[in-house]
Amino acid sequence: MTQPPLLTIILTPLLILALATLLTWVERRLLGLWQDRYGPNRVGPGGLFQAVADGIKLLFKQDWIPPFADKAVFILAPAIGMMTVMLSFAVIPVTARQSIADHLNVGLLFVLAMMSLGVYAVVLAGWASNSKYALLGGMRAAAQMISYEVFMGLSLLGVVMITGSFSLHDIVTAQSGLWFIIPQCAGFVVFLLAGIAETHRLPFDLPEGENELGAGFHTEYSGMKFGMFFLAEYAGIILVSALVTTLYLGGWQGPLLPPVLWFALKTGALVAFFILLRAALPRPRYDQLMALGWKVLLPVSLLNIAATGTVLMLHAPG
Amino acid sequence: MATIHLDGKPCAARSGTNLLQACLEAGADLPYFCWHPELGSVGACRQCAVRQFSGPEDKTGRIVMACMTPVTDGALLSINDAEAREFRENVIEWMMVNHPHDCPVCEEGGECHLQDMTAMTGHNKRRYRFTKRTHTSQNLGPFVKHEMNRCIACYRCVRFYHDYAGGEDLAVFASHDNVYFGRATDGTLENAFSGNLAEICPTGVFTDKPFSAAYSRKWDLSGAPSVCVHCATGCNIIVNARQDTVRRVLNRYNGEVNRYALCDLGRFGYGFVNAPTRIRAPLRVISEQQTPIPAQDALTRFARMAADGPVIGIGSSRASLETNFSLRALVGPDRFSTGQTRQEQTCTDCALSLLRAHPGAIPTLHDMESADAVLVLGEDVSATAPRLGLALRQSVRQPSFHAADAAKVPRWMDAAVRTLGAECPSALFIATPAPTELDSIARETVRTAPDNIARLGFAIAHRINPAAPPVPDMPDTDAAQADRIAATLVAAGKPLIVSGMQYGSPALMQAAASIASALATQNPAAGLSLVLPDCNSMGLTILGGLTLEDVLEKAATGEIATLVIAENDLSRRLDPSSLTKLKNDVPNIVLIDHTLTPLSRDAALVLPATPFTECTGTLVSQEGRIQRFFPAITPAAPVQAAWRWVRMLAEQISTNDETLPDRNPATDLRTWTRVDDVTAALSRACPALAEAINAAPNADYRADNQKIRSEPARASGRTVIRSHISVRDQPPPQNPDTPFSNSMEGAYSPDLPAALIPFFQVPSWNSGQSLTRFQQEIGGAMRGGDPGIRLFATPSDSPPEPPRTPDIPAAFTPRDDEMLLLPEGRLFGPEELSALSPSVAARSAADAPTLSLPAGTPYPPRMTLHLSDGPHDLATRPVTNLPDGIALCPPHMVMRAFAFPRTARLSPVTSAAAVTPGYAAPGHATPVTPSPLTPAPVTPIPVTPASGPTASVTPRRDRP
Amino acid sequence: MSGTLRTLFLTFLHAFRRRETVQYPEEKPYLPPRYRGRIILSRDPDGEERCVSCNLCAVACPVDCISLQKAETEGRWYPEYFRINFSRCIFCGFCEEACPTYAIQLTPDFEMSEYSRPNLVYEKEDLLISGTGKYPDYNFYRVAGVPVPGKERGESEHERPPVDLHSLLP
């Protein structure tokens, strides 16, 4: 395992932050595109600097902590959310060479662990706000994320079983012949859905549920603390997209184009798909969300493991 | 009680009423126009049609006019019957045929009975396509606006004005479709109740002219229950205000007092509260000009004055109990003067003790309406208590009611009862020196001097009760007259004696009281009513204090360092020479008043107080009714209620003056924070007024845990009305002295205590006719009970004092050299505050003061009247039947300080006398300053030193 | 499931549709005459103020942002002041609907932003225009049966001359 250059370590989080910021603008433009309008197009070329303007606005907003909040936890919560997402990127292999720790032998477990920790951000934010909407949002987030955590992990087992490794680098290289989306299509679907729920993106954004909870767990947040939740969410989208690319779509591999571009293309398409979901689908009821998880996705992922195992056993040498 | 069935629903109904009343009392919405609870039914408008069935088997029934059909037990009615509804809709469509398309520019709009009824019947589409009949309108003077096109010919106006109030100058003209309600020619409506036409008229034919000049829709007006301050009758009123100005005064029904009518003085006299004569800042004399100064500066000055020596307080009969009591608490009872002259105080004290000792009834105004024999002894009630005069006018109808009862005609069947009444003799006797408005309906009038009237009274008392002292030297004609009157009074079931202090003669009141008590020995219903001059004369008399003469004596001996005068213009009570002497004797005069008066020119300090429209206060009317008035406007600093100024003054002297009387902690005015504290202290300190605290619910009153809203729910402009000053929204002003919210937010229902009802409105009844929903029964008490607490409601339990042998005055003998000068009975002008109201000033300006002289002797057209302030050149007016040796002139209008009776010399006009200033219109008689903040030196009331050897004014007697 | 996918696909297809947005400051949309924008007070065809100060707009206003005071010259009512607080106005048009004389009208102008709230308080001189607005012909005083300068009693539309009270004719 080679030591990654210090520059990469410093640049990666900055790049992720920049991409997440940019993504806020991309999302609004894409939503506009699919809703027959323009979206932000006034600030800079094509509205590109809208994200910068929003950032400046958030930075200069009064950073207000409600007097009834648990101050320490209130401040800590967005930091946790941001940190866990950022750390997950450490093990993502962008290309065979561009990565911080893609050879980590428990890379996939590390990602799952970080994502699980991300629940704390939401739950603590909801609890520390000491407001009923925030608390309800936090409760929903906890239930939703812990539930989907279960079969997210289970859905990945198929990939791990085929590869025989938790290292993401190994997983990508194992797909040189066939992308795992073909043999693991069930796992792919389950993981994608679980990823949406993990990042509480539409249509599974019940923790935020504007129309019934105000803004859910971050109702009481303002200024840059709110901005951190916001950026963490967009970074989470990139993370889940990058993971899906890595685990099921062959990572950087592809003909003709350079590997970085392949990775960016696949990830970008998935991000666009995330946004399309938001543009197209309404939010389910909370019980429907939980029912989908426990009654459909869990059995599917278990069946997937069983099927993968059976196939592997039948084809096992000796 | 009978039971009627309204659309199948059984409802209780009072027997003896008509079906319309029964339906309204049952809460049903049945439209009507010509019926009025006080005027009865005439069936003129055909609007209240209902279907009546003769029995359960009768399925067809017949259409009847509800107002003309008596209630019968078990009557079956249908209001919702299709044909009856169509009938009513068609009737209103006919009425609307000629109605002009002008609701947007009609003052009645928004509180229009015609609008309500049109909506109620469902008529909403005009089918008539031909031309409309039009009428010319008339200028009816400064009070009432006339727009004849809006008329629906319900006849209510003439029925009120002519039949009820006795006005002769409003009538119906022309015929059929063209009937016209108006005067024969343009001109001011003469009757003192013309303003009621605005409320009586169901449409906008007659509207309130001063209100039109400062117009606001009813839904925008905030209301405050209040009490009229222009005479001692104590009529209940609603003061309507918007944007910190009073816009109008409306009648507020009190079943025992004013009921449905208010006199024009009360309705239009409020103008002084908006006048430029109002004091808006503390003033003090700087280089001979009254100059505004900061309140703190004024208080510091007072502290220095108080250090000079004793402080004496002078209260006022036009100020509330709270103002007078706070001043009394400041200076102590021994140094408090009532601000009345000795003569006034003797009269009011006499009135109070006579009323307290009276063994019979002390009737309310409503009781007076049912008196069946009335003797008015030396008081022109139409001028001094007009609403009482109107009640007496109704009492004359009692014989016709008895006749109607005998003929089995219901009393509300107005035309029939009035036809019967034409045959019935009146039982009203009037004994006054001068003609009065009631003369035309009196059975007998006696025109003689006040002393002779008193003698006649004593003679009547002696006829009724021989124990009463006889009157010596009665001429036979007078004795015969006394016999006739006594016989009628004794025969009556509910006799009433009315007198008063208009002529300044306690003997008159004693004579009246001795007749009443003589009657009461046989008939406990025998009533006595004594008319007092000012709105709180009775309260002030109960409170008690020094007379002005006592103050003058103290001042002459140098016992007074500072004189604090509350709401009293001494120049109306003291001769110019006495007043000048008082000013010279007293180093510091502090005046607390709301209006600039001639006195304020000389005050060292003038503090701006609130008139009755801006503070809470309690008044006692002449019938001993304690009533509370509430503010329609929350005053802006530094203007504040007089008692708050007194409290501030108390803080200035409490620390540095040991000469003040010991302070009773219960009445320590430094602890008072709101008006209820003052009233509570008053109730504790003055047992006779212990009930004052209960006159109305206090500021803590809440309905449904909310304050009462003083504006209708639909009041407009909340977010814009002051946005030209600041665009930020401000909460409505909070007033610790009222239970009202000063906004459209709060509780409101017909079940509120009657003393707290700020306006009358119920769903689909936006006009004043909604009153029926606020009454227990129509024409009866309010649902929350009639406001006010009576002091002498029950005859005193204590054994009546042994009747003091009254001083029977000697007969009046005319003198050759001098005339006995008596007050002319004039409603508009003499009263102090209303004279500052522009509309009342306009009304009285048309009628310059004259000198009325007996018609028998020829007098030149102008004569000079020599009074203590100099000669006055006046036009003379011959008055038929005025006794010889008596002259009349309007009080306070010729000479500002004017106490009656007095003798005065007359001389033909000489060129020298012609230059003396005569009458100045009331609007100019008091200072009119260009800006309330920078008052110019107060224009003096014309004061000419008594000049010439002939200027002899002798008070006829000092004490009775 | 297929429904969801279809929705996704159909939404995706919107990427190739024409955009509905009007690029406002550069491109002004057509606003119909009855658009509910800035409120004005109009004049009648004779050039007199139409507002008769009946207060119906004020009472109809759900946010209570209209205030006025009646004044009168020779029988003609007019507002002594007429004030609208546009920082409160919600442009619901109830005032226009309530107006019996077509005086108060909403116009297609909506560009009235200000940096300071007091500038949004419009007085009568800001509101009164010199035209008739949307209703060119209506004149309240020609219909209403009150005399005003230039129109004596009985000269309104559908009116007969005043009755001669002294006539004995039926």
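Residues numbered from 1 in each chain as written. Chains lettered and ligands numbered in written order. Predicted model: local features only at pLDDT ≥ 70, side-chain atom pairs only at ≥ 80, totals over all residues. Heavy atoms only, no water.

Things to note about the overall build of chain C
Helices and strands together make up the secondary structure of chain C, namely five helices and six strands. Secondary structure elements in chain C, listed N-terminal to C-terminal, are α-β-α-β-β-α-β-β-α-α-β. Expressed as a percentage of its 170 residues, the buried residues of chain C come to 42%. For chain C, the distance from the average site of its 21 positive side-chain charges to the average site of its 25 negative ones is 9 Å. (Helix = DSSP H or I, 4+ residues; strand = E, 2+ residues; numbered from the N terminus. Buried < 20%, exposed > 50% of the residue type's maximum accessible area, 1.4 Å probe, protein only. Lys, Arg positive; Asp, Glu negative; His and termini not counted. Charge placed at Lys NZ, Arg CZ, Asp CG, Glu CD.)

Some remarks on the UniProt feature "domain: 4Fe-4S His(Cys)3-ligated-type" (unreviewed entry) in chain B
Following the UniProt record, the feature "domain: 4Fe-4S His(Cys)3-ligated-type" (unreviewed entry) maps to residues 83-122 of chain B here. What you have in residues 83-122 of chain B is 55% helix and 0% strand, and the ends, taken at the C-alpha atoms, are 13 Å apart. (UniProt positions renumbered as here; feature names shortened; annotations may be inferred.)

Details of the interface of chain B and chain C
You'll often see interface size given as the accessible area lost when the parts meet. With 49 residues of chain B at the interface, the matching set in chain C holds 46 residues. In total, about 3,700 Å² of surface goes out of reach between chain B and chain C, with carbon and sulfur atoms giving 52% of it. Of all residues in chain B, B:Val105, B:Thr134 and B:Val727 bury the most surface against chain C, accounting for 17% of the area lost on that side. Across the chain B-chain C interface, the total number found is five salt bridges. Between C:Arg153 and B:Glu147 there is a salt bridge, with its nearest N and O atoms 2.7 Å apart. Viewed at the interface, chain C and chain B are joined by 27 residue pairs in polar contact (both at pLDDT 80 or more). Of all the secondary-structure elements, those providing two or more residues to the side of chain B that touches chain C are strand S6 (132-134) and helix H6 (209-213) of chain B. Of all the elements, S6(B) adds the most residues to the side of chain B that touches chain C, at three residues. Broken down by class, the residue content of the side of chain B that touches chain C amounts to 18 nonpolar, 16 polar and 15 charged. (Contact = heavy atoms within 4.5 Å. Buried area = accessible area lost by both parts, 1.4 Å probe. Salt bridge = Lys/Arg side-chain N within 4 Å of Asp/Glu carboxyl O. Polar contact = N/O pair within 3.5 Å; in protein donor to acceptor, adjacent residues only side chain to side chain. Nonpolar A, V, L, I, M, F, W, Y, C, P; charged D, E, K, R; others polar.)

Structural notes on the UniProt feature "binding site: [4Fe-4S] cluster 1" (unreviewed entry) in chain C
Under the UniProt annotation, the feature "binding site: [4Fe-4S] cluster 1" (unreviewed entry) is placed at C:Cys51, C:Cys54, C:Cys57 and C:Cys99. Across 49 residues, the annotated set stays spatially compact, with a maximum C-alpha separation of 10.3 Å. Note on placement: C:Cys54 falls in the loop between strand S1 (39-41) and helix H2 (56-60). With residues near it in sequence (within four places) discarded, C:Cys54 still touches B:Pro104, B:Arg217, B:Trp219 and C:Pro100. Tracing the backbone through its elements, the reader meets C:Cys99 in the loop between helix H3 (94-98) and strand S4 (104-106).

As for the packing of helix H5 (residues 132-163) of chain A against helix H7 (residues 185-198) of chain A
Residues and elements named next belong to chain A. One way to put it is that H5 packs onto H7 with a least axis distance of 9 Å and a crossing angle of 155°. With respect to their mutual orientation, H5 and H7 come out roughly antiparallel. Crossing angle aside, the handedness with which H5 passes H7 is left-handed. Contacts between H5 and H7 involve Gln-144, Met-145, Tyr-148, Glu-149, Phe-151, Met-152, Ser-155 and Leu-156 from the former and Gly-187, Val-190, Phe-191, Leu-193, Ala-194, Gly-195, Ala-197 and Glu-198 from the latter. Of the residues belonging to the contact of H5 with H7, the class tally is 10 nonpolar, four polar and two charged. (Axes fitted to C-alpha atoms, helices over the stretch in contact; angles between N-to-C directions. Parallel < 35°, antiparallel > 145°, perpendicular 65-115°, else oblique. Left-handed = near helix turned anticlockwise from the far one by under 90°.)

Overview of the confidence of the model for chain B
Chain-level statistics for chain B give a pLDDT mean of 89 and a share of 92% at 70 or above. Every residue in residues 912-960 of chain B is under pLDDT 50, and counting partners more than four places away or in other chains gives 85 contacts. (pLDDT = per-residue confidence, 0-100.)

Focus on helix H18 (residues 506-520) of chain B
Think of an α-helix as 3.6 residues a turn; residues three or four steps apart then line up on the same face. The end-to-end C-alpha distance of H18(B), which contains 15 residues, comes to 20 Å, matching closely the 21 Å that a straight helix rising 1.5 Å per residue would cover. The buried fraction of H18(B) is high, at 14 of 15 residues. (Expected span 1.5 Å × (residues − 1).)

What about the sheet that holds strand S27 (residues 625-629) of chain B?
Residue and element names in this part refer to chain B. What the three strands build is an open sheet, ordered S26-S27-S28; its pairing is antiparallel. Here the strands that pair on one side only, and so sit at the sheet edges, are strand S26 (617-620) and strand S28 (789-790). Examined bridge by bridge, S27 and S28 share two bridges and lie antiparallel to one another. Bridge pairing in S28 places Arg-625 opposite Arg-790. (Pairing = 2+ DSSP bridges.)

Notes on the confidence of the model for chain C
Taken over all residues, the pLDDT of chain C has a mean of 92, while the share at 70 or more is 100%. The ipTM for the predicted assembly is 0.90, set against a pTM of 0.83.

So, the interface of chain C and chain A
Across the boundary between the two partners, chain C contributes 16 residues, which contact 14 residues of chain A. Of the roughly 1,400 Å² buried between chain C and chain A on both sides combined, carbon and sulfur atoms contribute 58%. There are one salt bridge connecting chain C and chain A. A salt bridge links A:Arg42 to C:Glu26; its shortest N-O distance comes to 2.8 Å. Our count for the chain C to chain A interface comes out at seven residue pairs in polar contact (both at pLDDT 80 or more). Taken together, the residues that form the side of chain C that touches chain A break down as five nonpolar, six polar and five charged.

Thoughts on the pattern of salt bridges
Two side chains of opposite charge can pair, provided their charged atoms sit close to one another. Residues and elements named next belong to chain B. Counted according to the given criterion, the structure contains 72 salt bridges over all chains. The shortest N-O distance in the salt bridge between Glu-111 and Arg-248 comes to 3.0 Å. Within this pair, whereas Glu-111 is found in the loop between helix H2 (82-95) and helix H3 (113-121), its partner Arg-248 is found in strand S13 (residues 245-251), the two being separated by 137 residues in sequence. Judged by relative accessible area, Glu-111 falls into the buried class, the value being 10%. Its salt-bridge partner being Glu-199, residue Arg-267 comes within 2.6 Å of it at the nearest N-O pair.

Thoughts on the side chain of B:Arg843
All names here are of chain B. On the secondary structure map, Arg-843 appears in helix H24 (residues 838-845). Of the side chains with opposite charge, Asp-264 comes closest to the buried, unpaired Arg-843, at an N-O distance of 5.4 Å. In contact with Arg-843, not counting residues within four places along its chain, are Pro-142, Phe-143, Thr-188, Leu-189, Glu-190, Asn-191 and Phe-828.

A short note on the side chain of B:His872
Residues and elements named next belong to chain B. With respect to the helices and strands, the residue His-872 is situated in strand S32 (residues 870-879). On the accessibility criterion, His-872 (4% relative accessible area) is buried. There is a polar contact of 2.8 Å between the side chain of His-872 and the side chain of Asp-869.

A look at the packing of H7(A) against helix H11 (residues 286-315) of chain A
Residues and elements named next belong to chain A. Remark: H7 packs on H11, axes separated minimally by 9 Å, with the N-to-C direction vectors making an angle of 145°. Seen along the crossing, H7 lies across H11 with a hand that is left-handed. Residues Ala-186, Gly-187, Val-190 and Leu-193 of H7 lie in contact with H11, whose contacting residues are Leu-297, Val-300, Ser-301 and Asn-304. Class assignment for the residues of the contact of H7 with H11 results in five nonpolar, three polar and no charged.

With respect to the domain arrangement of chain B
Residues and elements named next belong to chain B. Here the domain parsing of chain B yields domain 1 (2-95), domain 2 (103-117 + 128-273), domain 3 (283-345 + 539-694), domain 4 (361-525) and domain 5 (818-955). Spacing between the C-alpha centres of domain 1 and domain 4 amounts to 39 Å. Opposite the 12 residues of domain 1 that make contact, domain 4 presents five residues. Counting the surface lost from both domain 1 and domain 4, the interface buries some 610 Å², and carbon and sulfur atoms represent 56% of this. Counting across the domain 1 and domain 4 interface gives zero salt bridges. Inspection of the region where domain 1 meets domain 4 yields three residue pairs in polar contact (both at pLDDT 80 or more). When grouped by side-chain class, the residues that make up the side of domain 1 that touches domain 4 number five nonpolar, six polar and one charged. (Domains from an automatic or database assignment.)

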